[in-house]
Amino acid sequence: PVTDSIPPQQGNQVAIGYTRELKKGYRIGSEAYYKTMNNLIEYKEGASFFGSNQNWESLVEVGSGYSYGLEVLLEKRTGKTTGWIGYTLSWTNRQFANINNGEEFPYRYDRRHDISFVLTHKFNEKFDIGVVWVYGTGNAITLALQKYNSLGDGGFGPSEVNHIEQRNGYRMPSYHRLDVGLNYHKKTKWGESTWSFGVY
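Residues numbered from 1 in each chain as written. Predicted model: local features only at pLDDT ≥ 70, side-chain atom pairs only at ≥ 80, totals over all residues. Heavy atoms only, no water.

Caption draft 1: Geometry of a nonpolar patch on the surface. Where nonpolar side chains cluster on the molecular surface, the patch consists of L22, Y26, I28, L70, V72, L74 and I85 and spans about 510 Å² of accessible area. Elements with a contribution of two residues or more to the nonpolar patch: β2 (26-43) and β3 (60-76). The leading source of residues in the nonpolar patch is β3, at 3 residues. The topology assignment puts L22 in the loop between β1 (10-21) and β2. For L22, a relative accessible area of 39% gives the class partly exposed. (Patch = residues over 30% accessible without salt bridge, like charges linked within 9 Å, V, L, I, M, F, W, Y side chains within 5 Å. Areas by Shrake-Rupley, 256 points an atom, 1.4 Å probe, with all protein chains shown as cover. Salt bridge = Lys/Arg side-chain N within 4 Å of Asp/Glu carboxyl O. Helix = DSSP H or I, 4+ residues; strand = E, 2+ residues; numbered from the N terminus. Buried < 20%, exposed > 50% of the residue type's maximum accessible area, 1.4 Å probe, protein only.)

Laid out in structure tokens, this is it:
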């Protein structure tokens, strides 16, 4: 939300793309983009709403960010076998004066590699099969490297404190999934029925 102390977020993006129709129903396309963002908000280091009567506006920082990348798509649009394969290479970073010692860091949704593969084959009027495979670099997250005890303050007593060296400095494992589905179509007196069997 925009308030008296939180300015509206702004983004500017430029993109250039190229698409070409090839022989035998194939099409290839690519696009490169670059985006800048201003007045982004992020919670301060160690911000917590627990046991606090602070306004949420005092718990956030305002900063900037940018994203850029390249997308490539190869598609087959005709014939019994159709589908496409797409690949995206991208970066998304943020920077705040009082977060991560003022150094830029990858945003939580920064995904370096993203691949999608879709294939459909029609055997005849009754049977067809579909295959989908997706792969993506794991999300960037923040993990503590050490823990230590603090004497506490405000009457809450001793507490455990996490030592974090870098915001979003750790990657979750890459995500990938394969789906395979078989469809059986049958015409009836009242229309058409489809039985679908799938595994993922």
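Continuing now.
Caption draft 2: Molecular detail of the environment of N168. Along the chain, N168 turns up in the loop between β10 (159-163) and β11 (170-171). When the C-alpha positions of N168 and Y107 are compared, they lie 7.0 Å apart, and in sequence the two are 61 residues distant. Among the polar contacts made by the side chain of N168, one reaches the main-chain carbonyl oxygen of P106 at a distance of 2.8 Å. (Polar contact = N/O pair within 3.5 Å; in protein donor to acceptor, adjacent residues only side chain to side chain.)

Caption draft 3: Spatial organisation of unusual backbone geometry. Phi at K24 is positive, roughly 60°, even though this residue is not glycine. Its identity as a non-glycine residue notwithstanding, N101 has a phi of 55°, on the positive side. Take N101: it is sitting in the loop between β4 (81-95) and β5 (105-106). Under the relative-accessibility criterion, N101 is labelled exposed at 71%.

Caption draft 4: Region of the structure containing the pairing of β4. As paired elements, β3 and β4 share 13 bridges and run antiparallel to each other. Note that in β4 the partner of S64 across the bridge is Q95. Between β3 and β4, which pair antiparallel and follow one another directly, the connecting turn spans 4 residues, one of which, G79, has a positive phi of 95°. With 9 bridges joining them, β4 and strand β6 (residues 113-122) adopt antiparallel strand pairing. Bridging from a neighbouring strand, L89 pairs with H113 of β6. Examined bridge by bridge, β4 and β5 share 2 bridges and lie antiparallel to one another. What sits directly across from N93, in β5, is P106. (Pairing = 2+ DSSP bridges.)

Caption draft 5: Structural view of the nonpolar core. Residues M37, L40, F96, I99 and F105 constitute the largest nonpolar core, which totals 5 residues. Non-local contacts of F96, meaning those with residues more than four positions away in its chain, are made with L40, I41, E42, E61, V62, G63, G102 and F105. (Core = buried A, V, L, I, M, F, W, Y, C linked by side-chain atoms within 4.5 Å. Contact = heavy atoms within 4.5 Å.)

Caption draft 6: Fine view of the pattern of salt bridges. On inspection of all chains with the given rule, the structure shows 10 salt bridges. Between R112 and D110 there is a salt bridge, with its nearest N and O atoms 3.2 Å apart. R112 sits in the partly exposed class, given a relative accessible area of 21%. You can call D110 buried: its relative accessible area is 0%. The closest approach of N and O atoms between R111 and D114, which form a salt bridge, is 3.2 Å. A relative accessible area of 29% places R111 in the partly exposed class. Sharing partners across several salt bridges, the network here consists of E21, R27, E75 and R77.

Caption draft 7: Highlighting the side chain of H185. You can see H185 is positioned in strand β12 (residues 175-188). Of the polar contacts made by the side chain of H185, one reaches the side chain of T194; its length is 3.0 Å. Look past the residues within four positions of H185 in its chain and what remains in contact with it is E125, K126, D128, E192, S193 and T194.

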